[in-house]
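So the chains spell out like this:
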Amino acid sequence: MGCCTRVIARLDIKGPNVIKGLQFEGHRVLGTADALATAYYRAGIDEIIYQDTVASLYQRSNIAELIKRAATGIFVPIAVGGGLRSIEDMRNVLRAGADKVILNTGAVKSPSLIDAGAREFGSQCIVCSIETARINGEYKVWVDYGREVSSLDPVSWAQEVVNRGAGEIIINSLMHDGMGEGFDLDIISQIAEKVSVPVVASGGAGKREHCLDVLRSTSANAVVVGSMFHYHYLQNSTQALPQQPSHLLGGEIDQGNFDFIKDGYGGDRAIMVQPTSVQEVKTFLSENGIVVRTAISSPLPDHRVSE
Amino acid sequence: MKTQSIVVIDYGVGNLFNVESACKALDLDFLTTTDPQVVSNAARILLPGVGAFRPAMQRLHDGGLIEPLRNFVTSGRPLLGICLGMQLLFSTSEEHGSWNGLNFIPGKVVRLHEGAAASNSQVKIPHIGWNMVNRSPDHPSQSVLDGLPAPISVYFNHSFMAVPVDPNVVLGHCSYGENSVASVIRHNNIHGCQFHPERSADAGLRILYNFAHLDGLGSTHTGGY
């Protein structure tokens, strides 16, 4: 028997906020990272990815403070990516409480960063994210948060990052991101069959059936969910986000976010995403034979309650 | 309820922030230190660790921490090793060579088996993710697993595992492919978790809580929480 299949929430971070776009473009603020991460932790999420969306572009990373805050109240693994280009960058986020670092652009531009990171911190905390989309019919590796294409073939790049010491691979399909039309089963299964480390499928989850599809038809070990959870917990924000100050859902958001979601991304595209809770996804997977973690509730002896 | 002081050993390996955060969330009285003297005087010790075996042993050695740890363990006070911190408690490791550990518990640290490609028990290494820990049949009633259901799901992230000479040291184990991974161990006053309790949500927090409330002989207080 292997591990439980992980259900991972991905937070695309800009400043203190979580944003979400379509195909890595047209981002809108959904709420604070603190509030969403806390809601997901309480809901039984298995892991949280913090992806700094602007760090790589502007070659800076100041996500450490955010992670530090999150890590004080969230006791599931946190993986952090975006703009990590040196051992020092990695050390910064690990010291702030990240369990794993996610490398993409930094690794593509300087592959020895993977070897150095694995030597310094161990393979178990080096994750390589492979952002991929077809160009002229061929899959390529993309960098800089989906803005620039490289010459690398994703499958051979995956094998190379494992040889260099990556302990895990996230396959992130750019054209599927935010669309809610399902994962890119083709590239995920190609890569998952070729590498000896755990593979995480990312990009495209729009309903719980998509998660089951990718787990059944590829050998992925985990699924990443973004919009499905964001929209569920934002729509149910009075219960799900008790710590969210109400002004943050108004003032600092760049445009009427709920209206934006309701209108289908400003009306120009139909939303394919079905808001779903963490538990709904896990229960569905479990009913379909996928082993998932079941959280235990309130296990601490509480002296206020007689035992 | 505040408890006696727990000393978290900082020997420059891996991140202590999450262990400290968990202790804070549990309202435990703890102190992080590099100071061998503080280690000698601790009421209980948490030995975390992430990374490779040999550099970790080297850092314990360079920090003058090995003798204080040995004396501490001999005195019967409780120690909990986490992940690599648990592996260091054993006699030897075959991680990238052959290295001596602290040798508090007879046994060796070996690489996880991937399993044969043809069999359906082939697994990926590192073992990353949540896995179920089952209790050994003759599991004692007083341990860090007290009050927890069986099995529990906890978060693993490792490529090597400890194999104690005495199988009774293993209180909880998980299956990963053809590996039976010693996940919770206890040898007298010495405890260990191969997984990360500080990353294992409520189940893991309960384990840390239990450790903080163990008495010197390794049993928990009964009642009165």
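Details of the structure are given in the entry above.
Residues numbered from 1 in each chain as written. Chains lettered and ligands numbered in written order. Predicted model: local features only at pLDDT ≥ 70, side-chain atom pairs only at ≥ 80, totals over all residues.

1. Some details on the overall build of chain A
Summing up its helical and strand segments, chain A has 13 helices and 12 strands in all. Here chain A holds 307 residues, and 54% of them are scored as buried. A separation threshold of at least 6 residues defines the contact pool for chain A, and within that pool the share at least 24 residues apart is 68%. (Helix = DSSP H or I, 4+ residues; strand = E, 2+ residues; numbered from the N terminus. Buried ≥ 20, exposed ≤ 12 C-beta atoms within 10 Å, placed from the backbone. Contact = placed C-beta atoms within 7 Å.)

2. Comments concerning the overall build of chain B
A tally of regular secondary structure across chain B gives 6 helices and 13 strands. The C-alpha atoms of chain B give 16 Å as radius of gyration, which agrees with the globular expectation for 225 residues (17 Å, within 12%). In chain B, buried positions account for 54% of the 225 residues. Considering only contacts in chain B between residues 6 or more positions apart, those separated by 24 or more positions represent 69%. (Rg over C-alpha atoms; globule rule 2.2 N^0.38 Å.)

3. Side note on helix H6 (residues 201-212) of chain B
All names here are of chain B. An ideal rise of 1.5 Å per residue puts 16 Å on 12 residues; H6 measures up with 17 Å between its terminal C-alpha atoms. Across the 12 residues of H6, 10 count as buried, placing the element largely inside the fold. Taken as a whole, H6 has its buried residues at Ala201, Ala203, Gly204, Arg206, Ile207, Leu208, Tyr209, Asn210, Phe211 and Ala212. Of the surrounding secondary structure, the elements contacted by the buried residues of H6 are strand S1 (6-9), helix H1 (17-25), strand S4 (79-82), strand S9 (152-158) and strand S13 (190-193). (Expected span 1.5 Å × (residues − 1).)

4. Some words on the packing of helix H4 (residues 87-95) of chain A against helix H6 (residues 112-121) of chain A
Residues and elements named next belong to chain A. Where H4 meets H6, the axes come as close as 10 Å, and the angle between the chain directions of the two elements is 45 degrees. Regarding the angle of H4 to H6, the classification is oblique. H4 and H6 meet at a crossing whose hand is right-handed. Within the contact between the two elements, H4 uses Ile87, Met90 and Leu94 and H6 uses Ala116, Gly117, Glu120 and Phe121. Residue composition of the contact of H4 with H6, by class: 5 nonpolar, 1 polar and 1 charged. (Axes fitted to C-alpha atoms, helices over the stretch in contact; angles between N-to-C directions. Parallel < 35°, antiparallel > 145°, perpendicular 65-115°, else oblique. Left-handed = near helix turned anticlockwise from the far one by under 90°. Nonpolar A, V, L, I, M, F, W, Y, C, P; charged D, E, K, R; others polar.)

5. Details of the pairing of strand S3 (residues 44-47) of chain B
Residue and element names in this part refer to chain B. Of the two faces of S3, the one lined by Arg44 and Leu46 and the one lined by Ile45 and Leu47 are each fully buried. Both S1 and S3 contribute to a ladder of 3 bridges, which runs parallel. The partner of Val8 across the bridge, within S3, is Leu46. As paired strands, S3 and S4 are joined by 3 bridges and run parallel to one another. Across the sheet, the residue bridging to Leu47 is Gly81, located in S4. (Pairing = 2+ DSSP bridges.)

6. Observations concerning the environment of Leu36 of chain A
All names here are of chain A. Summarising the element assignment, Leu36 is placed in helix H1 (residues 33-42). Here the alpha-carbon distance between Leu36 and Leu234, two residues 198 residues apart in the chain, equals 8.4 Å. Ignoring any residue separated from it by four or fewer positions in sequence, one finds Leu36 in contact with Leu11, Val18, Gly31, His230 and Tyr233.

7. Re the nonpolar core
Judged by nonpolar contacts, the single largest core of 169 residues is most densely connected at Ile48, Tyr50, Ile67, Val101, Ile169 and Val223 of chain A. Each residue touching Val101 of chain A, except ones within four places of it in the same chain, is listed here: Val80, Gly81, Leu84, Met90, Val93, Leu94, Gly117, Cys125, Ile126 and Val127 of chain A. (Core = buried A, V, L, I, M, F, W, Y, C linked by C-beta atoms within 7 Å.)

8. What to know about unusual backbone geometry
Residue and element names in this part refer to chain B. Here the residue pair Ile125 and Pro126 is connected by a cis peptide bond, since its omega of 10 degrees sits within 30 degrees of zero. Cis geometry is adopted by the peptide bond preceding Pro151, which originates at Ala150 and carries an omega value of -5 degrees. Within the secondary structure, Pro151 is located in the loop between strand S8 (127-135) and S9. The phi angle at Asn188 is positive, at roughly 55 degrees, despite the residue not being glycine. With respect to the helices and strands, Asn188 occurs in the loop between strand S12 (179-187) and S13. Taking the C-beta count within 10 Å as the criterion, Asn188 has 15 such neighbours and is therefore assigned partly exposed.

9. A word on the sheet that holds strand S10 (residues 160-164) of chain B
Residue and element names in this part refer to chain B. The mixed open sheet is built from 4 strands, whose spatial order is S6-S5-S7-S10. Edge positions in the sheet fall to strand S6 (99-100) and S10, since each of these pairs with one other strand and no more. Of the strand pairs in this sheet, strand S7 (residues 105-111) and S10 are connected by 5 bridges, and their pairing is antiparallel. What sits directly across from Lys108, in S10, is Val163.

10. Remarks on the pairing of strand S5 (residues 78-81) of chain A
Within a regular strand, side chains alternate between the sheet's two faces. Residues and elements named next belong to chain A. Residues Ile78 and Val80 point to one face of S5 and Ala79 and Gly81 to the other, with burial holding for every one of them. Across 4 bridges, strand S4 (residues 47-52) lies against S5 in parallel orientation. Bridge pairing in S5 places Gln51 opposite Gly81. Each parallel crossover has a hand, and the one from S5 via H4 to strand S6 (residues 100-103) is right-handed. (Right-handed = clockwise from strand over helix to strand, strands pointing away.)

11. Digging into the sheet that holds S1 of chain B
All names here are of chain B. Here we have 9 strands laid out as an open sheet, ordered S2-S1-S3-S4-S13-S12-S11-S8-S9, and mixed in their pairing. In the strand order of this sheet, the two ends are held by strand S2 (30-33) and S9, each with one partner. Mean inter-strand twist for the sheet, computed between neighbouring axes without regard to direction, equals 30 degrees. In this sheet, S13 lies alongside S12 in antiparallel orientation, the contact comprising 4 bridges. Residue pairing across strands places Val184 opposite Cys193, the latter belonging to S13. H1 rests against S1, S2 and S3 of the sheet, and its axis sits at about 165 degrees to S1.

12. Section: the packing of helix H8 (residues 185-194) of chain A against helix H9 (residues 208-217) of chain A
Two quantities define a packed helix pair, namely the angle between the helix axes and the distance between the axes. Residues and elements named next belong to chain A. Orientation of H8 relative to H9, taken along the N-to-C sense of each, is 35 degrees, at an axis distance of 10 Å. Read as a crossing pair, H8 and H9 show a hand that is right-handed. From H8, Leu185, Ile188 and Ser189 reach across to H9, where they touch Asp213, Val214 and Ser217. Residue composition of the contact of H8 with H9, by class: 3 nonpolar, 2 polar and 1 charged.

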